[in-house]
Amino acid sequence: MSIPFLSIARLQRTFSTGNVEELVFVPGVNLMVGPPNTGKTKWLQTLDFLLGDPGENPFEGAEETGLADKYEAAAVDLILGGEAFRLERKWREPGAKTKIFVGEAAMSPREFQHWLMQGLGIPLLNFPKGNPMSGQTWPELSFRMMLRHIYRQQRFWGDIADKQPEAEQHACLLQFFGLAERIYTDDYGKLIGLRMKAERLRSRREQFNQTLDQLARDIISEPELSVAVNRASVRSAQLRLSEQATELRQRRATLLKDGGRRAIADDEQGHISRLAERRAEALVTLEESRRRLRSTNERQSELKRYRSELSNELERIARAEDAGAVLADLRITHCPACDQAVSHKSSADRCFLCHQVMPDEPTIEELGAVRLRFERERLMAELVEADELLQVLSKEAANVGAALSDAEEQFGLIERELAPARETISAFVQEEVSGIDVALGQASERERQLGRIAGALDLEGDLTEQINKLEKQIEPLQESVNELVRSTDFEASASKLEDGMNAYLNALNVLRPNVWRHSAVAVDLTRSSFTIRVGKRRWHVALGGTDTLYFLMAYHYGLLTLSSDLQTHYPGFLIIDVPGEFSGEAVEDKENFIVQPFIDLLQTDAFAGAQLIMTGASFTGLHGAHFQRLNQVHVA
């Protein structure tokens, strides 16, 4: 299996006049040399635009140089995995400003990036930008993000990828190492989604508990709820209130009984007791009569609706018979299939339309009439039966009504007979009974409030159940993700970059002794972060000035060394636009030694097809590189 390296064969720009200028590149190290203001950076900006920049013009913001009006299109011959493709951007052509043409196919920048990553064998995936549990949408890890580590712009020499968030830098490194597809898996995305949902439910449950606790203690001041509201405390309060209500009822019954003994003579107490028993029996009879009357009335109403439906159906049958009598003599005059007039040329004993033998005429006429007559007789029988049932129900309703009247009259007589005894007893116990009744009402209302709180606590139970269900789904996913992470050797991947960077710095010291006087570079990589240290200190703290430039060159060299490893996804392509303060005639002799390790690396068989494009002032005396010399100085 060959490694799908990315390289540039030819870069072209088309003038507004139609003329074309171009640069030709080869695999290996390509050096764009020339004095300042010869257009080296602008050529690289053109290439960057061709590689998926979402803008509409590669020279936006360059009005002072006239470049925005000078050119109308650009193209690049791209070598992708040994296969050549031609890319074009036409920012003056209507409808094509944001399109990237791959051959004849027009693509949006996003579609082009997908095409390019597929050609490079780099998986498409999404990654968490920061804390995975933050709730932010996971963006796609795009080729443009990775290009920040592949194309070192002249204005960005302060970080491994300037103005790129650390989480994005980390994701790009994991992609280069070939680890991103093992970390940002579908299972990991599902796991984060489930854990966020579970956390939201926990927060909701906590807020619910706090609100319920505060409201419950404000509404009812039960001792059991003075500290916390939960099922156990509510059950305890309900039990206590139930016992209290039972005790109050018993006291009330005892008071009434004692009051009756004191207020009513002994010889009358038996009569009063019998009246109370009769009252209870009359009340039962009264309730039963009312229930029977309601049931009878409901049945009667239902039966009346049924009888009305039968009457309507009989009317429809009658209308159908009338219509049949009117339409019986009509004959088919046109074919129902082709709508042509039907000729009556067939014999009289056959149907003129289907040509089947005709039955006797009376038989045909009687078929419909018989069906209608049968349906009418059935409906009439049901109507008679409904009328009979209505008569029975009417009699039953009258009887029940009479029984209800008797029961009401009997109950009224008993009530009137008991009224004097009630008044006598109430004179003795009214005040105490009233106090007990008030206490009973209060206890009953508190019981209802506790019942509502208990119902609210059921919602907490539902939330807990939902959380438990989510935890059961989370557990196997978490184990799967953890197992994948445990089997991922982050240290080995970090060592590849670390070894490449230190190899470059060693090569610098060979070419120019003691140019790197610091300790070796150490790379630490985990699932969620990375650090690059020089000795024991973070690199940007330990280094300054020219040492930072050597360090960043080493970083790109280290990434480039990953290209030969089939397990990684670095495309074997690098662009370095050296900053002005690092080049120039006064420092020409310093340029060669920072390029030589790249030349030596890309001349090996393992990196055949890989490419470096680098700018500089002259690189005098440097061998093994392909030169593109730019001599025309552009003056504003």
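Notes on the structure follow. Remember, it's a predicted structure, so these values are computed and weren't measured experimentally.

**Examining the sheet that holds strand β8 (residues 151-152)**
Working step 1: Spatial strand order, β8-β12-β13-β3-β14: five strands in an open sheet with parallel pairing. Either end of the sheet is taken by a strand with one partner, and the two such strands are β8 and β14 (626-629).
Working step 2: Sheet topology places strand β12 (residues 573-576) next to strand β13 (residues 611-616); four bridges connect them, and they run parallel. The residue bridging Ile576 from the neighbouring strand is Met614, located in β13.
Working step 3: The strands touched by helix α13 (residues 546-561) within the sheet are β8, β12 and β13, with β12 carrying the most contacts at an inclination of about 165°.

**Structural notes on the pairing of strand β4 (residues 71-80)**
Working step 1: Across the 10 residues that make up β4, a large majority, eight, are buried.
Working step 2: Pairing of strand β1 (residues 6-15) with β4 involves nine bridges; the strand directions are antiparallel. Note that in β4 the partner of Gln12 across the bridge is Ala75.
Working step 3: Where β4 lies against strand β5 (residues 83-89), seven bridges are found, and the strand directions are antiparallel. If you follow Ala75 over to β5, its bridge partner there is Glu88.
Working step 4: The turn joining β4 and β5, which pair antiparallel and follow one another in sequence, is formed by two residues; a positive phi near 60° is taken by Gly81.

**Regarding the sheet that holds strand β6 (residues 100-102)**
Working step 1: On the basis of which strands lie adjacent, the open sheet formed by six strands has the order β2-β1-β4-β5-β6-β7 and antiparallel pairing. The strands lining the two open edges of the sheet, one partner per strand, are β2 (20-24) and β7 (105-107). Shown here is a sheet whose adjacent strand axes are inclined to one another by a mean of 25°, direction ignored.
Working step 2: Pairing of β6 with β7 involves three bridges; the strand directions are antiparallel. What sits directly across from Ile100, in β7, is Met107.
Working step 3: The sheet contacts of helix α1 (residues 40-50) involve β1, β2, β4, β5 and β6, and relative to β1 the element is tilted by about 105°.
Working step 4: Sheet strands in contact with helix α3 (residues 109-120) are β1, β4, β5, β6 and β7, and its direction is about 20° off that of β4.

**Comments concerning the environment of Arg373**
Working step 1: Positionally, Arg373 belongs in helix α10 (residues 361-486).
Working step 2: Since its relative accessible area comes to 34%, Arg373 is described here as partly exposed.
Working step 3: C-alpha of Arg373 to C-alpha of Glu321: the two residues are 52 residues apart in sequence and 8.8 Å apart in space.

**Regarding the packing of α3 against helix α4 (residues 143-150)**
Working step 1: Across the interface, α3 lies against α4 with an axial gap of 10 Å and an inter-helix angle of 65°. Seen from α3, the contacting residues are Gln113, Leu116, Met117 and Leu120; seen from α4, they are Phe143, Arg144 and Met146.

**Some points on the pattern of salt bridges**
Working step 1: Overall, the coordinates contain 21 salt bridges when judged by the stated rule.
Working step 2: For Asp48, the salt bridge identified is with Arg144, shortest N-O distance 3.0 Å. Here Asp48 is found in helix α1, whereas its partner Arg144 is found in helix α4, with 96 residues between them in sequence.
Working step 3: The buried category is assigned to Asp48, whose relative accessible area is 13%.
Working step 4: With a relative accessible area of 18%, Arg144 lands in the buried category.

**Topic: the nonpolar core**
Working step 1: Grouped together as the largest cluster of nonpolar side chains are 122 residues, with contacts concentrated most on Phe551, Phe598 and Met614.
Working step 2: Sorting elements by how many residues they give to this core places α13 first, with 10 residues.
Working step 3: Once residues within four sequence positions are removed from consideration, Met614 is found in contact with Asn30, Leu31, Met32, Met553, Ile576, Val578, Ile594, Val595 and Phe619.

**Let's talk about the packing of aromatic side chains**
Working step 1: Here the structure, examined in full by the defined rule, presents 11 aromatic pairs.
Working step 2: Taking 5.6 Å as the distance between ring centres and 55° as the angle between the ring planes, the aromatic pair formed by Tyr504 and Phe598 counts as tilted. Of this pair, Tyr504 sits in helix α11 (residues 490-511) while Phe598 sits in helix α14 (residues 588-602), and the two are 94 residues apart along the sequence.
Working step 3: Its relative accessible area of 0% is what places Tyr504 among the buried residues.
Working step 4: Given a relative accessible area of 0%, Phe598 falls into the buried group.
Working step 5: By way of ring pairs, the aromatic residues Phe85, Phe112 and Trp115 are connected into one cluster.
Working step 6: Above the plane of the ring of Phe49 lies Arg89, whose end atom (NZ or CZ) is 3.8 Å from the centre.
Working step 7: Positioned above the aromatic ring of Trp157 is the side chain of Arg152, whose terminal nitrogen or guanidinium carbon lies 5.3 Å from the ring centre.

**Some remarks on the side chain of His556**
Working step 1: Within the secondary structure layout, His556 lies in helix α13.
Working step 2: Within the local environment of His556, its side chain forms a polar contact with the side chain of Arg152, the two groups lying 3.0 Å apart.
Working step 3: Leaving out residues up to four positions away in the same chain, His556 has contacts with His149, Arg152, Leu574, Ile576 and Phe598.

**Quick look at α4**
Residue pairs spaced three or four apart in an α-helix point in one direction, given the helix's 3.6 residues per turn.
Working step 1: Here α4 lies mainly inside the structure; seven of its eight residues are buried.
Working step 2: Of the residues making up α4, those classed as buried are Phe143, Arg144, Met145, Met146, Leu147, His149 and Ile150.

**Quick look at the environment of Leu173**
Working step 1: The topology assignment puts Leu173 in helix α5 (residues 166-177).
Working step 2: Take Leu173: its relative accessible area is 2%, and that puts it in the buried class.
Working step 3: Along the chain, Leu173 and Met146 lie 27 residues apart, while their C-alpha atoms are 8.3 Å from each other.
Working step 4: Excluding residues that lie within four positions of it along the chain, Leu173 makes contacts with Leu497, Phe530, Tyr555 and Leu559.

**Looking at the pairing of β12**
Working step 1: Burial along β12 is two-sided: Phe573 and Ile575 facing one way and Leu574 and Ile576 facing the other are all buried.
Working step 2: Where β8 meets β12, two bridges bridge the pair, whose relative direction is parallel. In the sheet register, Arg152 faces β12, and the bridge partner there is Ile576.

Rules behind the numbers
- Starting afresh in each chain, residues are numbered from 1 along the sequence in its written order.
- At least 70 in pLDDT is required for a residue's local features to be given in this predicted model, at least 80 for side-chain atom pairs to be given and counted, and no such filter applies to totals for whole chains, interfaces and linings, which use all residues.
- Just so you know, side-chain values use all the structure's heavy atoms and leave hydrogens and water out.
- Only strands that DSSP links by at least two bridges are regarded as paired with each other.
- Put simply, DSSP H or I for four residues or longer makes a helix, DSSP E for two residues or longer makes a strand, and each gets a number counted from the N terminus.
- In this analysis, two residues are considered to be in contact whenever any of their non-hydrogen atoms come within 4.5 Å of each other.
- Axis lines are fitted to C-alpha atoms, over the contacting stretch for helices. Their N-to-C directions set the angle, which ranges from 0 to 180 degrees.
- The buried label applies to any residue whose accessible area, calculated with a 1.4 Å probe on protein chains only, is under 20% of its type's maximum; exposed applies above 50%, and partly exposed to all values in between.
- In what follows, salt bridge is the name for a side-chain nitrogen of Lys or Arg lying within 4 Å of a carboxyl oxygen of Asp or Glu.
- Definition used in this section: a nonpolar core is a set of buried Ala, Val, Leu, Ile, Met, Phe, Trp, Tyr and Cys residues joined via side-chain atoms within 4.5 Å.
- Pairing of aromatic rings covers Phe, Tyr and Trp, the last through its six-membered ring, and needs centres within 6.5 Å; plane angles under 30 degrees mean stacked, over 60 mean edge-to-face, and all others mean tilted.
- Whether a charge sits over a ring depends on NZ of Lys or CZ of Arg being within 6 Å of the ring centre and within 35 degrees of the ring normal.
- Each polar contact in these results corresponds to two N or O atoms within 3.5 Å; when the atoms are within protein, one needs to be able to donate a hydrogen and the other to accept it, and residues that are neighboring in sequence are counted only if both atoms are side-chain atoms.

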